[in-house]
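# Results of the structural survey
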Amino acid sequence: MAQAYSREDQRMILIATSVACMVTPLMSTMMNLSLVGIGNDFGVGSHNLAYVNTMFLLGSVVCMVPAAKFASIHGMKKVFIGGLVMMVACTAAAFFSPSFNFLILMRFLIGFAASMMTVTGMALLTFVFPANKRGKVIGLNATFVYIGLSLGPTIGGVITDTLGWRYVFAFIFILSVIALGTVLMFRNEAVPTPEDRMDWGGSILWGFMIITLMSGLINITTPWGPAAAVIGGVLLIITWWYLRNRESPVLETKMFRNKAFTKACIAAFMNYGASYSITFFLALYLQHIGEISATEAGTLMLVQPLMQVLLTARMGALSDRLTDKRILPTLGMAITGVGVSMYLFLDTNYSLPYVVAIMVVTGIGLGIFSAPNNSIIMSTVPPHLKGEASGMVAVVRQTGMMVSMSISMSAIAIIMGSADNLNPSTYGAFIDVIHTTFAICLGMCIVGIICSLVKIKVVQE
């Protein structure tokens, strides 16, 4: 199937998906440095400001599975373009936000749009490029994700300081327009299952389940949080039963009969769950205990994503040449676990070389793991399920991120009460929070290592 596409088609899709895939990490990391300005403009505190990022993640997870199914039926390119058009419209609207609630609504819809691009981007690559080049192009695509993570804090800080937080949305608007113009040059379409039907009932059930479950996990320390999490867990079981008994479900559960696919998804979830909160904690640790400025901290924090940028594409290409596809994901997860375990030895005596060493080790682990594991996920399903498989890659990533932040927020709430009171008298408690969080994250890495060792059977195309 992939050989039917010209080199020009391949180049256009790679450029469009790579630019688009930077949008999600940029929208997350750039906004972190805009929160103070947003709070000052709208008169809201840190608790409400947390929803600026949370609603973006929530919107993306709610949309991912239905978007993947819809794209498989009606066309990957159509949904990808739809996501870009929605991103352009919502970032323009967010620029002119008249109130905080309007901004939060736009962040939810921007997450919706980002998910439409994310779930179709990788699927388009797997259709357009042949199997023997797939690891390389997925690696290049993932490299742009890490470039977004790397440059987000710096770009966001510069834009916020010089122009104001609203221009962060203007920057994303420009990137989205570039990606839209490029993908329109791709004149073909990928439609894996045109004969299928859209499961709207399952889509609504999925969205309601995700909102309930994730809201409970994010607010687990509130009086209503545990109840919402339990209800969400019950809805998860109901949703799974519904999907298994539908003739054409919004998410094809048959994919999970493949042990390699299932365990690669679990490994990805564990990887993001164990690593996503690192940036959050490092930013606080460096500025408070390390006593360095936000600009210095942002520059220093480039070390980890830089390692990922340098390694990801190379590891994707290397995975194409290896017979045993388990080697790189297992090695990457193990090295990530070493990096995570190093956080257990942080204390109030700041050591710059030790912090840099942590970021180098963790960055190497994440750079080795990502592209080869994603390639396994996409290579263990038949062509007609690649859209939904691409959706699952995005779902496990975003849910892993949300769970990572819920673990962090819960540890802070239980041990410190709030991160707002971070000062020399509470530094010891903050270190306890870091140790508790990363002890849990280390356990997640161990589970990920075990899952990465499963025997892999690649589906022939």
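Rules of the game
Residues numbered from 1 in each chain as written. Predicted model: local features only at pLDDT ≥ 70, side-chain atom pairs only at ≥ 80, totals over all residues. Heavy atoms only, no water. Salt bridge = Lys/Arg side-chain N within 4 Å of Asp/Glu carboxyl O. Helix = DSSP H or I, 4+ residues; strand = E, 2+ residues; numbered from the N terminus. Buried < 20%, exposed > 50% of the residue type's maximum accessible area, 1.4 Å probe, protein only. Phe/Tyr/Trp six-rings, centres within 6.5 Å; stacked < 30°, edge-to-face > 60°. pLDDT = per-residue confidence, 0-100. Core = buried A, V, L, I, M, F, W, Y, C linked by side-chain atoms within 4.5 Å. Contact = heavy atoms within 4.5 Å. Axes fitted to C-alpha atoms, helices over the stretch in contact; angles between N-to-C directions. Parallel < 35°, antiparallel > 145°, perpendicular 65-115°, else oblique. Left-handed = near helix turned anticlockwise from the far one by under 90°. Nonpolar A, V, L, I, M, F, W, Y, C, P; charged D, E, K, R; others polar. Expected span 1.5 Å × (residues − 1). Polar contact = N/O pair within 3.5 Å; in protein donor to acceptor, adjacent residues only side chain to side chain. Patch = residues over 30% accessible without salt bridge, like charges linked within 9 Å, V, L, I, M, F, W, Y side chains within 5 Å. Areas by Shrake-Rupley, 256 points an atom, 1.4 Å probe, with all protein chains shown as cover.

What follows is about the pattern of salt bridges. Evaluated as defined, the whole model comprises three salt bridges. Linking D196 and K69 is a salt bridge whose minimum nitrogen-to-oxygen distance equals 2.7 Å. Here the residue D196 occupies a position in the loop between helix 7 (166-183) and helix 8 (200-218), and K69 occupies one in helix 3 (residues 46-74), the gap between them amounting to 127 residues. Residue classification places D196 among the partly exposed positions, given a relative accessible area of 23%. For the salt bridge of D199 with R246, the shortest nitrogen-to-oxygen distance reads 3.5 Å. Placement of D199 in the loop between helix 7 and helix 8 and of R246 in the loop between helix 9 (225-245) and helix 10 (259-275) is noted, with a sequence separation of 47 residues between them. Looking at D199, the relative accessible area reads 1%, which means it is buried. Note on R246: relative accessible area 38%, which makes it partly exposed.

Within this structure, the stated rule accounts for 13 aromatic pairs. For the pair F95 and Y167, a centre-to-centre distance of 5.0 Å together with 90 degrees between the ring planes defines the contact as edge-to-face. Of this pair, F95 sits in helix 4 (residues 76-95) while Y167 sits in helix 7, and the two are 72 residues apart along the sequence. Accessibility expressed as a relative area gives 17% for F95, which makes it buried. Considering the side-chain rings of W240 and F256, the 5.5 Å spacing of their centres and the 65 degrees angle between planes classify their relative orientation as edge-to-face. Here F256 lies in the loop between helix 9 and helix 10 and W240 lies in helix 9, a separation of 16 residues in the sequence.

Per-chain confidence: the protein averages 84 in pLDDT, with 94% of residues scoring 70 or above. Mean pLDDT across the elements of the protein ranges from a minimum in helix 12 (residues 294-300), with 74, to a maximum in helix 14 (residues 327-342), with 95.

Right, let's get into the nonpolar core. M27 and F100 are the most contacted members of the largest nonpolar core, which has 102 residues in total. Considering each element in turn, this core owes the most residues, 17 residues, to helix 5 (residues 100-128). Residues within four places of F100 in sequence aside, it is in contact with I38, F42, V44, N48, L49 and V52. In terms of nonpolar packing, the next biggest core, distinct from the first, is built from 39 residues, I289, L300, I431 and V433 among them.

Positionally, K325 belongs in the loop between helix 13 (303-321) and helix 14. Residue K325 is classed as partly exposed on the basis of its relative accessible area of 24%. The spatial distance from the C-alpha of K325 to the C-alpha of N373 is 8.4 Å, given a sequence separation of 48 residues.

Below, the discussion takes up the packing of helix 10 against helix 15 (residues 352-379). Taken N-terminus to C-terminus, the directions of helix 10 and helix 15 make an angle of 150 degrees; their axes are 9 Å apart at the nearest point. For the element pair helix 10 / helix 15, the angle class is roughly antiparallel. Seen from above, helix 10 lies across helix 15 with left-handed handedness. Contacts from A260, F261, A264, C265, A267, A268, N271, Y272 and S275 in helix 10 reach L366, F369, S370, N373, I376 and I377 in helix 15. The residue makeup of the contact of helix 10 with helix 15, split by class, is eleven nonpolar, four polar and no charged.

Moving on to the side chain of T91. Here T91 shows up in helix 4. Classification of T91 as buried rests on a relative accessible area of 1%. Discounting residues that sit within four places of it in the chain, T91 has contacts with I110, F169, I172 and F173.

Here we take up the environment of M87. Within the secondary structure, M87 is located in helix 4. Overall, M87 belongs to the buried group, its relative accessible area being 0%. Put simply, M87 and S176 are 89 residues apart on the chain and 6.8 Å apart in space, counted from C-alpha to C-alpha. Look past the residues within four positions of M87 in its chain and what remains in contact with it is V23, I110, A113, A114, M117, I172 and S176.

It is worth spelling out the environment of V44 at this point. Note on placement: V44 falls in the loop between helix 2 (35-42) and helix 3. Since its relative accessible area comes to 19%, V44 is described here as buried. Separated by 56 residues in sequence, V44 and F100 place their C-alpha atoms 8.1 Å apart. Every residue in contact with V44, bar those within four places of it in the chain, is listed here: G39, L49 and F100.

The end-to-end C-alpha separation of helix 10 is 24 Å, in line with the 24 Å expected for 17 residues at 1.5 Å each. Most of helix 10 sits inside the fold, with 13 of its 17 residues counted as buried. Its side-chain oxygen at 2.9 Å from the backbone nitrogen of A260, N258 defines the N-terminal cap of helix 10.

On the surface, a nonpolar cluster with roughly 320 Å² of combined accessible area is contributed by F173, I174, V177 and I178. With respect to the helices, strands and loops of the structure, I178 is situated in helix 7. With a relative accessible area of 44%, I178 lands in the partly exposed category.

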